[in-house]
Amino acid sequence: AACAGCGRCLRLAEFDDAQMELEIGRRCRACRAEGPDAALDAIGGLLRGRQMRAVDLVRSRRFNPSYAGYDLLDGEEFHQVCKRAGLLLSLADVRLIVDALDVDGNGLLDAMELDRA
């Protein structure tokens, strides 16, 4: 079973140790340290620090210059939002975040999905 994060624990060399660490809702060491969970923590800190909601981040022209009236972001758009917010994440990590949070499976991250995280 994977953790509540990106599932990198399935690819760790010490899979048995990672699996033993896992509990429902817990994150493996890799996710806590550097993966999408760490990125989501950084985004949450940014939102709290600026007293913003996820929808404010998505709709802000400062962070999302491609905003065109809809609250959907693909991986590349979300990567740009993160970059403009000062979060240095790889496109691969951003795509993992989008995949992990994309509840409706449309390949896009909407403000509500981001808010739930």
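The preceding data block contains the structure.
These figures come from a predicted structure and were not determined experimentally.

Analysis parameters
- Residues numbered from 1 in each chain as written.
- Predicted model: local features only at pLDDT ≥ 70, side-chain atom pairs only at ≥ 80, totals over all residues.
- Heavy atoms only, no water.
- Axes fitted to C-alpha atoms, helices over the stretch in contact; angles between N-to-C directions.
- Helix = DSSP H or I, 4+ residues; strand = E, 2+ residues; numbered from the N terminus.
- Parallel < 35°, antiparallel > 145°, perpendicular 65-115°, else oblique.
- Left-handed = near helix turned anticlockwise from the far one by under 90°.
- Contact = heavy atoms within 4.5 Å.
- Nonpolar A, V, L, I, M, F, W, Y, C, P; charged D, E, K, R; others polar.
- Salt bridge = Lys/Arg side-chain N within 4 Å of Asp/Glu carboxyl O.
- Buried < 20%, exposed > 50% of the residue type's maximum accessible area, 1.4 Å probe, protein only.

> Hey, could you go over the packing of helix H5 (residues 75-84) against helix H6 (residues 91-101) for me, with residue numbers and the actual values?
Viewed as axis vectors pointing N to C, H5 and H6 meet at an angle of 115°, and their least axial separation amounts to 9 Å. Relative to H6, the element H5 lies roughly perpendicular. Where H5 crosses over H6, the handedness of that crossing is right-handed. In this structure, H5 uses Gly75, Glu76, Phe78 and His79 to contact H6, whose residues at the interface are Leu91, Val94, Arg95, Ile97 and Val98. Class assignment of the residues belonging to the contact of H5 with H6 gives a composition of five nonpolar, two polar and two charged.

> Can you break down the pattern of salt bridges residue by residue, with the values?
For the coordinates displayed, the defined rule picks out three salt bridges. Residues Arg53 and Asp56 are paired through a salt bridge, measuring 2.9 Å at the closest nitrogen-oxygen approach. Given a relative accessible area of 27%, Asp56 falls into the partly exposed group. Across the pair Glu76 and Arg95 runs a salt bridge, and its minimum N-O distance is 3.4 Å. Separated by 19 residues along the polypeptide, Glu76 in helix H5 and Arg95 in helix H6 bring together distant segments of the chain.

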